[in-house]
Structures are given as structure tokens and as C-alpha cells.
There are 2 protein chains.
Amino acid sequence: MTLRNDLHPDAPIERWGVAELELDGPDGTEPTTRAHLSAVFESGATRIEVPGFWDGANRYAVRFSPPEAGTWSYRTASDAAELDGIAGVFDAVGPSADNHGPVQVAAMYHFAHADGTPYRPVGATVYNWIHQPDALVAQTLDAVADAGFDKLRFLVFPQGGAHVEYVPPRFPFARRDDGSWDVERPDPEFFRAVESAVRGLLERGIEADVILYHPYDGGQFGLDRLSEDEDAVYLDHLVARLAAYRNVWWSLANEYDQLERPEERWDRVFQQLVRIDPYGRLRSIHNWIRLYDYNKPWVTHASIQNGWAVAERGRALIYRDAYRKPIMLDEIQYEGNTAERWGDLTARQLVHRFWLATCDGTYASHGESFLDENGSLHIVVGGAFRGESPGRLGFLRRILDEVDGAGLDPIDKWWDETSTVGIPRRHYLRYLGTSAPASWDAELPQGVVGERLEVGDRFAVDVIDTWNMTVAENVAEFALAEVHRNFATAPVTVPLPEGEAIALRIRRIG
Amino acid sequence: MTLRNDLHPDAPIERWGVAELELDGPDGTEPTTRAHLSAVFESGATRIEVPGFWDGANRYAVRFSPPEAGTWSYRTASDAAELDGIAGVFDAVGPSADNHGPVQVAAMYHFAHADGTPYRPVGATVYNWIHQPDALVAQTLDAVADAGFDKLRFLVFPQGGAHVEYVPPRFPFARRDDGSWDVERPDPEFFRAVESAVRGLLERGIEADVILYHPYDGGQFGLDRLSEDEDAVYLDHLVARLAAYRNVWWSLANEYDQLERPEERWDRVFQQLVRIDPYGRLRSIHNWIRLYDYNKPWVTHASIQNGWAVAERGRALIYRDAYRKPIMLDEIQYEGNTAERWGDLTARQLVHRFWLATCDGTYASHGESFLDENGSLHIVVGGAFRGESPGRLGFLRRILDEVDGAGLDPIDKWWDETSTVGIPRRHYLRYLGTSAPASWDAELPQGVVGERLEVGDRFAVDVIDTWNMTVAENVAEFALAEVHRNFATAPVTVPLPEGEAIALRIRRIG
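Residues numbered from 1 in each chain as written. Chains lettered and ligands numbered in written order. Predicted model: local features only at pLDDT ≥ 70, side-chain atom pairs only at ≥ 80, totals over all residues.

The next subject is the overall build of chain A. Looking only at helices and strands, one finds 8 helices and 31 strands in chain A. At 24 Å, chain A has a C-alpha radius of gyration in line with the 24 Å of a compact globule built from 510 residues. Oriented by its inertia axes, the alpha-carbon framework of chain A measures out at about 80 × 55 × 40 Å. A buried classification covers 48% of the 510 residues belonging to chain A. (Helix = DSSP H or I, 4+ residues; strand = E, 2+ residues; numbered from the N terminus. Rg over C-alpha atoms; globule rule 2.2 N^0.38 Å. Buried ≥ 20, exposed ≤ 12 C-beta atoms within 10 Å, placed from the backbone.)

What follows is the structure, encoded as C-alpha cells:
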């Protein structure tokens, strides 16, 4: 047995890292002889019970992510003598420089890492990437990271049906003679590939939005037709393997309402996750036509498909009011050239939608759907991006990362036709979109909540070209001369560059 | 004792009408000598327990609305011997011609009376009308009915503060010597005035959207500062008096979040209503900035303040998806001329917003806020309308009443930039709003759910002028020539009249 740093075997175990305890036990190839395994980790008054899992032949493992630095003791429990009562002590050191801890909900509508570092999702989507040949998997990882995306949505179960040309060599479970799946016989190689993907993303600072179930089978594999009990067996196994990775988010399904299951079944999956995930990783579910009730207590954020919501200003912010949770618009149509209307946006349209999402106080995810020579799509298989939006979305992420606060909220929601977001009296972002004014007369909305603007408040104006990815800093300064009930003005006119998709950033300087 | 038809004393008691049982008991002026009273009504297997109430001096009463025609028996229960065990039998006849039963939720997003007759709310709002001099009360009732409104929102507790010049002679409770309210001493005269308002509306076919609590006190009366226990005593009394009237809706509060109470307190008010209202009348609550969670099970429909949601197309429908309940936009700013931005819409703007609400599959309410010579507003005191919108909203109601089905739903939500609503393959409504095209090329959206359009389907086109209140029927007919995946077309061009605010109604004729 060894307890080691799962990501860097020779490095000490660190806070929010992964400690893996490898154990030899009874051969578990047959479910009837397989042992149950769990472990308790304790430090001071903190006690965390962690599920273990069988990892092939006689190998068993427990993964644990220490939520605090300090000395931890552990002890296993098992119905197999050789796995039971194994105990030890280790020290978890403080997090290394790039480890800010898991992402959590912050300030109601936003996210932050556990150490307080804000996290601004600019997501990508490649549903079936982990089921591609190794070289393509590696290429996808690099492409997503290089573009600057910091979240990737993907399926655990392989995708079948339309736009899928490649049948993967590995499946999650063994098949019975009748062709049905035996969820009691997971394929360790399959799940190691999932873990490898999660680790690869973690090393690149990318959150893994792991989609647990999906309807994209097209009658090919049948993994969309497991029973509720079978689904639960799989989820126990997956969570025991993945939950310790701090970049994991649980997405119950993509287009869950295509699966035609009663909503209560999804409620029970959420409840299972709450019960078995020791870390309470983020939890959501993604719709086709019918939205799940994101107000339910086990949902941490809304993960919505609705391109219409960001096709014009002022729609997406209604989700904020309805759910009072972070709004992730994880499907807003894709950049590409499919005949289907969900995949025919231009890059300009998609980038525009991201900025509209931003100016409604919400977040969005990208996908690319140019048809390749095999009839497949990047959104399915991954690889290098062909589109023109990814770099520009990385640019948006840099602008978001420069926000000095929890996130951008509508300043005067329901009234401000300019859709200015920000932090009252500190930081404002205003996106001019398809209007292309020659100049801007200094005016800021006065919100109903938060600090109120005062005469004499001084601001500096940056002009952002969202398409050409330039920031002209400090092109003007102004001091507020008049403060009205709902807005404040200064007698300053800021000339603007020609063209659409210009944004103004207005930051307080005195 | 008598059991009689409360609305028409000489007429028989009818289904969905009100039977009132008047009883003499111990003098209840002092709460300590007041009797408790309830009654059980039974017919076949149906058993309904109804709370009674003290109505001044030694008068007590029980009101009951029979949900079915037939023979009903009843028996009272009381801690006072003279009120206990009083029993009888009566026949409830079928409903009279104008009695369609209480309004209930229908087809998820709409309403219908209990007999199946669709109900399309086109609401009005006069918060403080029942607390005005009698002549003005009567004038308000006539004005609201004459305009064609079919729902009226109003406060039970009198309004104080801004825009309120008149102090009413009656209050709900007696005051103690220290000026505080004694909720155990309700003023029967006050509550009779509330009942009279509800009955007046019922006689005119108008739903009474009764606002139970409100924050508009301005420190004047203190009815916004009752304790939770005091609120509950009042609500028991009010429900015992009002619940039997089939036109009653319960609105827990206007701008509830101005009252700075924990949300759980509102949850408990809903739960109290569920417990004490024998009929399950419609229940909602109305927001200022923060929306209540309308997904909670005791909420029947959303009653939202947000003018922004109907200032442009495509916003309000997001509430439908979030709540999957009828969306009543009960405050979308008012027609008027106040300095405050909530009350300065033109009639054209307000009528436009109603049509946008309609074309998002939602409903809206009107209010008028022209300043009168006393500094008050119609929205507060009532009286005749000065504005130009009410008649046009009555016209909208007539158009809605001509819909042959449960209601208008977005045909292809999230995709259809024309915001066409209706019933697939049967009835379509498309509002052209501020665009003013010279003609319309026949095209209908093909929705994802419901009946699909087919080549050869024949339709007739009506052109509606929403401002001038005209309907040009059957100006064109067409047969679908091409049916694509998402839309269908015919080679027919319909010339349109000049000007904005034109709507098209397209109905299937073969």
C-alpha cells in the first residue's frame, strides 16, 4: 500500500490536491468476490468519509482531497480483511501556486475558488473528446487551453448517432451475452481514460464539467437505457474515482428532457450526489426544451441551453432573478456551418452573444460545429479550432479576470437600457454591441442597491474592441458633475473608434 | 338562523355561489367571551370543513361555496352551546348563466374557470380604492368594468404615505391605548366594506386579486409592522370571510421584499392559506426587486413586477420556462405623468407592452398614474380613467377571448424572431409592434411540439389594428405550399395598413 500525491507522485500531498491510497485486496473481477472499501480521514474536528473503488484485478484505491492543510490520519473499512483497518498519518502542505482550491458559488451569481480567487467561466464544449484516438485527445486539450477557455463540458458515456463516425475501443462496462451492459463490471481502462482527461484539464487550470448521462445514443450503444438502479451503481463508481479532483463539476445530463424520464428520477440523482460526494462539487443539469427547476436546493447553478436568451440584450438576466444562482448559458448555438440551426452562427455572432451574456450578469460556453471531411463536428470530436471565436473569448476572459470584485452584476436591472454591469461606484462595463456610436457622453446608471455615485467621483475610461481584441486604456477621465436619482453625468464626450462590438470599461480613480 | 344565498338572498343557492349561515351567539365584542365557530358541509363523499367568523355584537356567520350541485348537509361546531350542532340540509342548483366557477390554472401557462370556460386576465390595479368615499368606490367599479378589465388588484389594509391624501374612516382593527393594533378586535364594518368590494367585482365578472399585506404605510398607520402571529390572526379572519367568493385570488403582498421579512415568513403565510382556505383559491406574491421562488409548490402562478420584461420581445417568455406556471406581469409601469419612472408611460407604450406580453405567452395588468389635483393617482384612489389605454386593453381582451383553445403559447420559443404565439396548426397571433411593414409574406413557424403544419393547410388572415381597435377579417386566404423543417410558406403577400402596432391573426380554415 502507498499513499501518494495522485497528480505528482514525488511531491508532498497538498491542500485541495489528491491523495491516493492504493491497496491490494481480493480479486474483484467477479462482482461476487469484490470487496467494499471506504476510508475515514480526520484532522482535528474534521472527519470525512470517502468511498473507495475497485480498479481492476486485485487493485483497490481510495482518493482523498484534503480541504485543509495540516496533519491527517486515515483508516480504511472493508468487508475484506486485507483492506480493513489500514491506517496512517500524513501531512497536507499548503497549496502550490496554481492551486486555488475548488470552484464554489460566490456572491450569489458568480464563482470563486476556495481561496477566494474569483473564477470567471468562459466555457468550451467538446462532448465526445475523451472517446477519440489519443493524439486527437491531446490536441483537444491543447486547443482548449491555448484559446484561454477555463471550463470544458464533456460526456462520460460515448456518443452515438448523428455526426459520430468513430466507435471507441473502450466502454464503461462489460456486456452480457445478450448485449446488455453489466454495470457491476466496470472497465477500469475506460474510467482511467476519464480520469486522465480530468487530470489533463486540472493541470491546465480548466474546470471539468462532467456530463454523467446523455441522450445522444441514436440506438447505437444503449447506455441511455440503463435502469435507475444501474445508473446509480455507475454513479457511485464514478464519484469514488473523480470527486477528489478539485476541478470536477457534475452535470447530470445534457438535454436531460430528451431522455423522457420523470423529473423525480433526476431529483434522486442529485440527492445521490449530495449523499456520496464528500466535497459537494458543483451540481447542475442541462436542458433541451424543458428547464429543470434550478431553485431546488441541490442545484448549485443553472446550466441552460437557450441561444435566444443572448441573441438580444435583457433576456438572460431574467434567469438571474428566477434562480438567484449563477447562470451558465452552456449552449447558445455554435459557431459553424451545419444545416441545423443550432450550429450555424458566425464567429461575430457568437462573440456578440458572449458579450451580451456578460452584460446580463451571466456566463456562457462555446462550441464549434464546422462539418469536417468525415461529417463530424468539433463539438463532438475536438481537435484544433477552425473558428474565429475562441481567441476572442479568451480575450473576454482576460477582461473578466481584470474585474476587481466578485463579478459583474446589472447596475440598474429592469431599467437600464444600456445594460451596464459592474460593481457600483467602482467598476462598470458597457457593451455597445451592434450600435456603433461615434462618441460616448459620460453617463453612469445609479443602481437601487450598493454604493451610490456622488458628485466629484472620478473615473477613467478604457475603450475595448471586442473583435480586434484591443484595449485602449485611459482614453479619457471624468468627474461626475450631476447626480440624478437614477443616473449621473459628466460633461465629457469620449470619441469612439469606428465599427461595432465596442465596449467601455469605466473604473473609479478617485 | 338562516342559510341563504349571500349574493341574491331570494335566489336558490347555486354551485360556486355563496351560502351564508347567519347565527346568533354570545356577545363577541370582548375576545375573551367570543365563541369559536366552524361548520362541516357534506354531499355524497365530499366533506368540507369551513371556518366561521364573528361579525359584530352577537352575530356569527359561516360562508360556504358548494363546489358541486346537489344536496348538501351541514353541521356547526362551536365552544358556545348556542352555536354548536346547528344542522340542516339544502340543495345547490346548477350555476346561473354568468357563473362559470372559480378561475384555476389551465394548460400550465393559462387560466380557465371551473366549468372549462377559458379565462384571459387583462388586469387593472387600484391599490387603495376600497378605502375611498362611497361615491368614488362606485365610480371605480364602473370604470374598471366598462373598460373591459377582468381582474382588479387591490389592498385590504389602507395605504399611507406618498400620493395618499385621504385618511379612511375605518380600519381593520381596534387600537389599544398605546396606539397599537389589537388584531383580536376586528372591525366588522371594515371587513364588510372589503366584502362589498369583492361582491361588486363578482357581479361584474371581475376577479378580485386581494393583496393581504403591503409596505405602503409611510409610517402612518403601522399595519405593516404587525407581528407574524398578529398577521396570522388577521388572515384567519379574512379567509373565513372571503374564501367562499369564487372570484377571490390571494396575493400575499405587493412588493413583499420591501417589508424586510425573512422569506420563510412568506412561506408560512402560503402554508397557512393552504391550510385554512377550503377552496384552494389562486395564490401568489408580488415583488419589488427580489423575486419570490414561484417554483414553490404552494404558488399557483407568478405575479411579477418587471416592466423591462415587456419593453422588448422575448424577455417575458423566460419566466414561463423558469416557473412552468401562468405568468401574470402585474406591474409593467403605469400610463401617466409622474416624475418617478414607474409611472410615466404613454398609452401607446403601455398598450404595446400588453401586446408584447401576449406574444410571449404571458399576461399583464394595467395601472394609471396621472397626478390629480390632490397629488394622488388613479392607481391609488381610482375613479374614472383619464388615460387612453384602458379601452384598448379591453379590445385586447376581446381578441384573447376569441382564441379557440387554452391560450396563446410561443410556437417556436427561443428561435422564432417573429414571436408568433398560438396553437399549432390552428390559431396564430403575430404582433408587428414598432416595425411597420407594407406587407406580409405568408409564413408560419413550425414548432417543436404540437401538431405540425402540412402542405395544403389553409388559413385565413385577419389584420388587427391594436391602437385603433379594428379587425379587418379575412383579408386574405392561403394554402401552405412549402413546409420546411422550422417554418412553412405560401406564395401570398398580404398588404398591410400604414402605421405601427398592427397584429396578424391567422386561423386555419381547412
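With that settled, consider the interface of chain A and chain B. A common measure of how large an interface is: the accessible area buried when the components associate. At the interface, 21 residues of chain A touch 20 residues of chain B. A class-by-class count of the residues in the side of chain A that touches chain B yields 11 nonpolar, 5 polar and 5 charged. (Contact = placed C-beta atoms within 7 Å. Nonpolar A, V, L, I, M, F, W, Y, C, P; charged D, E, K, R; others polar.)

It is worth spelling out the packing of helix α6 (residues 347-358) of chain B against helix α8 (residues 389-401) of chain B at this point. Residue and element names in this part refer to chain B. Relative to each other, α6 and α8 sit at 20 degrees, their axes nearing to 9 Å. Comparing their axes, α8 and α6 come out roughly parallel. Considering the relative orientation of α6 and α8, their crossing is right-handed. In contact with A347, L350, V351, F354, W355 and T358 of α6, α8 contributes S389, R392, L393 and L396. (Axes fitted to C-alpha atoms, helices over the stretch in contact; angles between N-to-C directions. Parallel < 35°, antiparallel > 145°, perpendicular 65-115°, else oblique. Left-handed = near helix turned anticlockwise from the far one by under 90°.)

Averaged over every residue, the pLDDT of chain A is 96; residues scoring 70 or more account for 100%. For this predicted complex, the interface confidence score (ipTM) comes to 0.95, while the overall pTM stands at 0.96. (pLDDT = per-residue confidence, 0-100.)

Least-squares fitting of chain A to chain B yields an RMSD of 0.0 Å, with the superposition described by an axial translation of 0.0 Å and a rotation of 180 degrees. Within this description, the copies of the chain are treated as partners about a two-fold rotation axis. Within chain A, R315(A) has its C-alpha nearest the rotation axis, a separation of 2.3 Å. Most of the interface of chain A is mirrored in chain B, where 95% of its interface residues are also at the interface. (Least-squares fit on C-alpha atoms with pLDDT ≥ 70 in both.)

Moving on, we get to the sheet that holds strand β9 (residues 110-113) of chain B. Residue and element names in this part refer to chain B. Read from one edge of the open sheet, 3 strands run β8-β9-β10, paired in antiparallel fashion. Both outer strands of the open sheet, β8 (103-106) and β10 (118-119), are each paired with one neighbouring strand and no more. Here β8 runs beside β9; their pairing, made up of 4 bridges, is antiparallel. Bridge assignment links A106 to a residue of β9, and that residue is H110. (Pairing = 2+ DSSP bridges.)

All names here are of chain B. Taken in spatial order, the 7 strands of this open sheet run β1-β2-β5-β4-β3-β6-β7, and their pairing is antiparallel. Looking along the sheet, the strands with just one partner apiece sit at the ends: β1 (2-5) and β7 (87-92). Ignoring strand direction, the axes of neighbouring strands in this sheet form an average angle of 25 degrees.

Residue and element names in this part refer to chain B. Its 16 residues give helix α2 (residues 188-203) an end-to-end C-alpha distance of 22 Å, which sits within 8% of 22 Å, the value for a rise of 1.5 Å per residue. Here α2 has its buried residues at F190, F191, V194, A197, V198, G200, L201 and L202. Where the residues of α2 are buried, they touch α1 (134-147), β12 (151-155), β14 (181-186), β15 (207-213), α3 (228-242) and β16 (248-253). (Expected span 1.5 Å × (residues − 1).)

This brings us to the nonpolar core. In this structure, L212(A), Y319(A), L329(A), L212(B), Y319(B) and L329(B) are the most contacted members of the largest nonpolar core, which totals 279 residues. Sort the elements by how many residues they give to this core and α2(B) lands first, with 7 residues. Ignoring anything within four residues of it in the chain, the contact list for L329(A) reads I304(A), N306(A), A309(A), V310(A), A316(A), A357(A), T362(A), Y363(A), A364(A) and S365(A). (Core = buried A, V, L, I, M, F, W, Y, C linked by C-beta atoms within 7 Å.)

Tracing the sequence through the fold places L408(A) in the loop between α8 (389-401) and β23 (409-410). Apart from residues lying up to four places away in sequence, L408(A) is in contact with T358(A), G361(A), V403(A), V421(A), G422(A) and L429(A).

For the rest of this paragraph, the subject is α6(B). An α-helical turn contains 3.6 residues, so any two residues separated by three or four positions project in the same direction. All names here are of chain B. Compared with an ideal rise of 1.5 Å per residue, which puts 12 residues at 16 Å, α6 spans 17 Å between its outermost C-alpha atoms and is within 8% of the ideal. With 9 of 12 residues buried, α6 is to be regarded as a mostly interior element. Within the sequence span of α6, burial applies to L350, V351, H352, R353, F354, W355, L356, A357 and T358.

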